[in-house]
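Fold and geometry: a report
The chain contents come next:
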Amino acid sequence: MRRILVALTWAASVATVLNLSACGGSDLNAPAGPPKVIIDSDYNTLSDDGQLGVMAAQLQAQGSLKVLGITVVSGNQWLKQGVSDALKSVERLGVEKQIGVYAGANYALSHDFATIQAELKEFPSGDGYLGAWNSPEPKSDSDLVAPPDGFATHTKVQSESAVDFIVDSVKRYPGEVTILAIGPLTNIALATREHPEIVPLIKQIIYMGGAIDVPGNTTATAEFNWWLDPEAAKTVLRLPIKQVVIPLDVTDTVQMDKALYDRVAHDPTKQTIITQLFKTLNGYGFDGKNGFETNPNYTTNIWDTLTLAYLMHPSFATQTVEEWVDVDTSFGANDGKATGYTSSPPLGLQKMTIVKRFDNPAFFDFYVDLLTRPVPVKLLD
Ligand SMILES: [Ca+2]
């Protein structure tokens, strides 16, 4: 009996090898298991960052993704509020023991509020979205705003800093860690400046950031994430790492309309705390009035979740270009502006993949599916 089992096991191994060869998967030294990611984010409850957190947790539950942790940075919100929302997010999803939340940088490397006030006064343009800089910095827990379903009750921020966590994770899994960079790049800039030895060990960075050949959003020329900390963006973009950019060029073409919104918010067979929060937080617009629930013609772009979609399904990118990318850090109308060079790049720039168009129908199916799965997520491990 034992001999038969051994023979069967051996046959299965041979079949696996043959199968891999047949699929073109000859890299038998490839790391086992699903892709490992760090979500570096200016987190929020259920705008695009929070949505990505939900989708990533569901992918992890089905064994398709390993989320090493969420590292938070000031951006859409101040760090303290982002951490609070992230803690509740993982607790709400039931993954608080699997996905830690790490607090990162509270302030941009060199950009400050006085500078941007002076700039915007001199060069008024864009939609003027300032994220955290639109509101006072919370100084204590009493200044924090609870999500509609309340603060986390038992989940605490990790004692390790976001920067140390990034460094340690990359060293622990050399060549395996993808960073989904969906906020300002302060944490990643600090980690790679303080520990340049991790640079060749990072598998890739996939950004939502920049406006390459289209107007900016915060200003006429600059996209919010890279505008908030242009020095950090300039630093990280120059690192010799495989980099993929999801800029406004593509997110401008991936819009949620009422029909797509309804697939998440109003499917009667798939109501969860996530779909309810999706309605509460995305159904009424920034002003509380002009949103999907009140205006059937309302639309909004979809941003950060495209990074996760690209990681899982690179074929969703239907048009890409390879360019060298830089960010302007000088005071003035072009502060934070991204530039793509098709040839003859200035010294020090890196060539990277810029996504220009997405397979929107395929992405929308991916998006709706993951946002409407049961919560708490069903864990496999
Ligand atoms: Ca973000």
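Residues numbered from 1 in each chain as written. Predicted model: local features only at pLDDT ≥ 70, side-chain atom pairs only at ≥ 80, totals over all residues. Heavy atoms only, no water.

So, the nonpolar core
Core analysis: the biggest nonpolar cluster contains 64 residues, and Leu 308, Phe 358, Phe 363 and Tyr 367 have the highest contact counts within it. Once residues lying within four places of it in the same chain are set aside, the contact partners of Tyr 367 are Gln 51, Met 55, Met 256, Val 264, Phe 278, Ile 302 and Thr 305. (Core = buried A, V, L, I, M, F, W, Y, C linked by side-chain atoms within 4.5 Å. Buried < 20%, exposed > 50% of the residue type's maximum accessible area, 1.4 Å probe, protein only. Contact = heavy atoms within 4.5 Å.)

Describing helix 6 (residues 186-194)
Among the residues of helix 6, those classed as buried are Thr 186, Asn 187, Ile 188, Ala 189, Ala 191 and Thr 192. For helix 6, the elements touching its buried residues are strand 1 (36-41), strand 2 (66-72), helix 5 (162-172), strand 4 (177-181), strand 5 (202-208) and helix 8 (230-237). (Helix = DSSP H or I, 4+ residues; strand = E, 2+ residues; numbered from the N terminus.)

Focus on the pairing of strand 11 (residues 351-358)
When you tally the buried positions in strand 11, you get 6 out of 8 residues, the bulk of the element. The sheet contact formed by strand 6 (residues 243-246) and strand 11 spans 2 bridges and is parallel. When the sheet's bridge partners are listed, Val 245 is paired in strand 11 with Ile 354. Inspection of the sheet shows strand 9 (residues 317-327) paired to strand 11 by 7 bridges, in the antiparallel sense. Its bridge partner lying in strand 11, Trp 324 is registered against Lys 351. (Pairing = 2+ DSSP bridges.)

Comments concerning the confidence of the model for the chain
With 91% of its residues at a pLDDT of 70 or more, the chain shows a mean pLDDT of 91. When mean pLDDT is taken per element in the chain, strand 4 scores highest with 99 and helix 1 (residues 2-22) scores lowest with 38. Segment residues 1-26: pLDDT under 50, and 3 contacts once partners within four positions in sequence are set aside and those in other chains are kept. (pLDDT = per-residue confidence, 0-100.)

What to know about the sheet that holds strand 2
Pairing within the open sheet is mixed, and its 9 strands lie in the order 3-2-1-4-5-6-11-9-10. Two strands bound the open sheet, and with one partner strand each, they are strand 3 (100-103) and strand 10 (338-341). Strand-to-strand twist of the sheet, defined as the mean angle between neighbouring strand axes without regard to direction, takes the value 30 degrees. Sheet analysis places strand 4 next to strand 5, joined by 5 bridges and oriented parallel. When the bridges of strand 5 are listed, Ile 179 appears paired with Ile 205. On the sheet, helix 3 (residues 79-93) packs against strand 2 and strand 3 and is oriented at approximately 175 degrees with respect to strand 3. (Axes fitted to C-alpha atoms, helices over the stretch in contact; angles between N-to-C directions.)

Considering the coordination of the calcium ion
Within the first shell, the calcium ion binds the protein through Asp 42 (OD), Asp 49 (OD), Asp 49 (OD), Ile 182 (O) and Asp 304 (OD), at distances of 2.2 to 2.5 Å. Counting residues between consecutive donors of the calcium ion along the chain gives the motif D-x6-D-x132-I-x121-D. Within this pair, whereas Asp 42 is found in the loop between strand 1 and helix 2 (48-61), its partner Asp 304 is found in the loop between strand 8 (300-301) and helix 12 (305-312), the two being separated by 262 residues in sequence. Here Asp 42 matches Asp 304 in class, with each residue buried. (Donors = N, O, S within 2.8 Å, 3.2 Å for Na, K, Ca; no water.)

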